[in-house]
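Listed below are the residues making up each chain.
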Amino acid sequence: DALLGCHRSYRSRPTHGIGKFKYLLPKELPKKRKEKVRMKEIDAGTEYQYGDVNIQMTSHDLCLVEHFAQYVHRLCNRLSIRVNESYAMPTKTNEVLFMEERGSKMQLDAVLTTHQRVIQVRGLSSTFAPILLEIIQSSQPEGVHLLMKEHTEADFKSRLKARPELEELLAEMS
Amino acid sequence: SAAAPRPWKLFGAMCLVRLPQITQPLEKVEEEMAALMQQIELEKSHYSDHEIRKLQEEEQLKKKKESLYDEDEARGKTVIMAQDLEEKWEQKFLQFKAAPRITDADKSNDRTSLNRKLDSNLMLLVKQKIGNQELWLLPQVEWQPGETLRSTAERAMATFLGDHIQAKVLGNAPYGIYKYKFPRAIRTENNLGAKVFFFKAFLQSSDLSQAELKADYQWVTKKELGDYLKSEYLKKVNRFLLD
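These numbers were taken from a predicted model, which means no experiment stands behind them.

Peer 1: When you look at the overall build of chain A in this model, what are you seeing that I'm missing?
Peer 2: Secondary structure assignment for chain A yields four helices and four strands. Ordering the α and β elements of chain A from the N terminus gives β-α-β-β-α-β-α-α. Looking at chain A residue by residue over its 174 residues, the buried ones come to 22%.

Peer 1: I would appreciate a short explanation of the pattern of salt bridges in the present structure.
Peer 2: Two side chains of opposite charge can pair, provided their charged atoms sit close to one another. Tallied over the entire structure, the rule returns seven salt bridges over all chains. Put simply, Asp 155 of chain A and Lys 149 of chain A hold a salt bridge, and the shortest N to O gap is 3.0 Å. Judged by relative accessible area, which is 10%, Asp 155 of chain A ranks as buried. Across the pair Glu 57 of chain B and Arg 53 of chain B runs a salt bridge, and its minimum N-O distance is 3.4 Å.

Peer 1: How do you make sense of unusual backbone geometry when you look at a structure like this?
Peer 2: Glycine aside, negative phi is the norm for most residues, and most peptide bonds take the trans geometry. Residue and element names in this part refer to chain A. With a phi close to 50 degrees, Ser 80 is a non-glycine residue in the positive phi region. For Ser 80, the location among the structural elements is in the loop between helix H1 (62-78) and strand E2 (82-100). Residue classification places Ser 80 among the exposed positions, given a relative accessible area of 64%.

Peer 1: Can you walk me through the pairing of strand E1 (residues 8-18) of chain B in this structure?
Peer 2: All names here are of chain B. Taking burial as the measure, the 11 residues of E1 include nine buried ones, the bulk of the element. With three bridges joining them, E1 and strand E4 (residues 140-142) adopt antiparallel strand pairing. For Ala 13, the partnering residue across the bridge sits in E4 and is Gln 140. Across two bridges, the pairing between E1 and strand E2 (residues 122-130) is antiparallel.

Peer 1: Which parts of the structure should I look at to understand the packing of H1 of chain A against helix H2 (residues 129-138) of chain A?
Peer 2: Describing two packed helices takes the angle between their axes plus the distance from one axis to the other. Residues and elements named next belong to chain A. Look at H1 against H2: their axes get within 12 Å of each other, and the N-to-C directions meet at 150 degrees. Of the two possible hands of crossing, H1 and H2 adopt the one that is right-handed. Residue-level contacts link Phe 68, Val 72 and Leu 75 of H1 to Leu 132, Ile 135 and Ile 136 of H2. Partitioned by chemical class, the residues of the contact of H1 with H2 number six nonpolar, no polar and no charged.

Peer 1: I tried to follow the interface of chain B and chain A on my own but got confused; where do I start?
Peer 2: Reports often express the size of an interface as the amount of accessible area lost when the parts come together. Facing the 11 residues of chain B at the interface are 12 residues of chain A. Of the roughly 1,100 Å² buried between chain B and chain A on both sides combined, carbon and sulfur atoms contribute 64%. For chain B, the biggest contributors to the area lost against chain A are Thr 23, Lys 92 and Leu 242 of chain B; these three give 34% of the whole. Linking chain B with chain A are one salt bridge, by the criterion used here. Scanning the region where chain B abuts chain A turns up one residue pair in polar contact (both at pLDDT 80 or more).

Peer 1: Honestly, the side chain of Thr 221 of chain B in this entry has me stumped. Any pointers?
Peer 2: Structurally, Thr 221 of chain B is set in the loop between strand E8 (217-220) and helix H6 (225-228). Apart from the residues lying within four places of it in its own chain, the contact partners of Thr 221 of chain B are Lys 117, Ser 120, Asn 121, Leu 122 and Met 123 of chain B.

Peer 1: I tried to follow a negative patch on the surface on my own but got confused; where do I start?
Peer 2: A cluster of like negative charges, contributed by Glu 165, Glu 167, Glu 168 and Glu 172 of chain A, occupies part of the molecular surface. Glu 167 of chain A gets classed as partly exposed once you look at its relative accessible area, which sits at 49%.

Peer 1: What should I look at first to understand the packing of helix H2 (residues 49-66) of chain B against helix H4 (residues 82-95) of chain B in this one?
Peer 2: Residue and element names in this part refer to chain B. Running from N to C, H2 and H4 point in directions that differ by 125 degrees, and their axes come no closer than 8 Å. Comparing their axes, H4 and H2 come out oblique. Seen from H2, the contacting residues are His 50, Arg 53, Lys 54, Glu 57 and Glu 58; seen from H4, they are Ala 82, Gln 83, Leu 85, Glu 86 and Trp 89.

Peer 1: Teacher, can you tell me more about the packing of aromatic side chains here?
Peer 2: Two measures describe an aromatic ring pair: the distance that separates the ring centres and the angle between the ring planes. Residue and element names in this part refer to chain A. On inspection of all chains with the given rule, the structure shows one aromatic pair over all chains. With centroids separated by 6.1 Å and ring planes inclined at 20 degrees, the aromatic side chains of Phe 68 and Tyr 71 adopt a geometry described as stacked. With Phe 68 and Tyr 71 both in helix H1 and three residues apart, this pair spans about one turn of that helix. The lysine or arginine in question, Arg 159, covers the ring of Tyr 87, its NZ or CZ lying 3.5 Å from the ring centre.

Peer 1: Please explain a positive patch on the surface as it appears in this structure.
Peer 2: Residues and elements named next belong to chain B. On the surface, Lys 179, Lys 181, Lys 236 and Arg 239 cluster together into a positively charged patch. Mapped onto the elements, Lys 236 comes out in helix H7 (residues 231-238). Given the relative accessible area of 32%, Lys 236 is considered partly exposed.

Cut-off values and rules
- Residues numbered from 1 in each chain as written.
- Chains lettered and ligands numbered in written order.
- Predicted model: local features only at pLDDT ≥ 70, side-chain atom pairs only at ≥ 80, totals over all residues.
- Heavy atoms only, no water.
- Helix = DSSP H or I, 4+ residues; strand = E, 2+ residues; numbered from the N terminus.
- Buried < 20%, exposed > 50% of the residue type's maximum accessible area, 1.4 Å probe, protein only.
- Salt bridge = Lys/Arg side-chain N within 4 Å of Asp/Glu carboxyl O.
- Pairing = 2+ DSSP bridges.
- Axes fitted to C-alpha atoms, helices over the stretch in contact; angles between N-to-C directions.
- Left-handed = near helix turned anticlockwise from the far one by under 90°.
- Contact = heavy atoms within 4.5 Å.
- Nonpolar A, V, L, I, M, F, W, Y, C, P; charged D, E, K, R; others polar.
- Buried area = accessible area lost by both parts, 1.4 Å probe.
- Polar contact = N/O pair within 3.5 Å; in protein donor to acceptor, adjacent residues only side chain to side chain.
- Patch = residues over 30% accessible without salt bridge, like charges linked within 9 Å, V, L, I, M, F, W, Y side chains within 5 Å.
- Areas by Shrake-Rupley, 256 points an atom, 1.4 Å probe, with all protein chains shown as cover.
- Lys, Arg positive; Asp, Glu negative; His and termini not counted.
- Charge placed at Lys NZ, Arg CZ, Asp CG, Glu CD.
- Parallel < 35°, antiparallel > 145°, perpendicular 65-115°, else oblique.
- Phe/Tyr/Trp six-rings, centres within 6.5 Å; stacked < 30°, edge-to-face > 60°.
- Lys NZ or Arg CZ within 6 Å of the ring centre and 35° of its normal.

If you want it as structure tokens, here you go:
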């Protein structure tokens, strides 16, 4: 009958599975929630290699800091230094109050925002690290603070938000 | 057999660098580019809060003038106008005076002071006696067995500038090496010549109030090094100096 006419392909038919496409897509692994904190830190004897070095740039001027971070990133690319991560820390807003005590007391407010960009670099050899530092220092723009230090767990934790509910539950459990 | 005595004498020298305090003046191309970018950004940008407030108050003023008996006057606002704020800020800005950029072009090339040439690196040169000659060199001291070359360089710095200098030495690896052979008259089997290892350090604090031991010292930029150093020495030193 025409009503019962179905064009289902049985498994023996050559057209079985004609509409499948998922095998063509790249395979997605199930996402892990926890991030791994520690990476290797190599400190050999004569051939020094720093493990993870953080280059932190702080400034009040947003565009300047961003452009400088981009410049440092591209510099590392060209010098074939491996860049692990390049991220931004949350901005801090400061309110500056001026108390003028000549004549009438007035309060002038100024709002200053501090921005910070961090570039994490791995595999710096000790002969090259000071040269890199000097290059970055000599091309530092006005008003930008530069800080180069080794990556510690505290640095990693400062990026994560504290979870008070989780901590309360843990405290209740134990 | 026992280790053969090395015929080379080792020296450790310290290149003390004072970092530039000000940015270098922009070149013409850079200035034009900066002006162009600023104009583009200005034309593309939106109004900020302050500017919106200013425009609104201007409109209110106009309305008040046209329609003289406005009801708004009855409210009696005692709000500081945006225009007044701007004028206050302008006055404050005029009171601010920046420090002069060319401090010691006035001092007519006093090369012993650190305030010269605030926009470029300054290196320390010292007059030292080697053999019979008095030469201008980076401060150097002979290496003694049992200490690292870096500590030799630090000792060299300490002998010429006193102990309390805040200088940060960059790493344990030397930056350059200069070797020379002694003239034939002094050469013996054990003493062929000398090798000088250069280290680099950044000066952290810019006041050298402590007395300097040797009177002949100068702070020199990279271009002026050529006036003082010998050509071979200069070649090796120039290799590790950034401008």
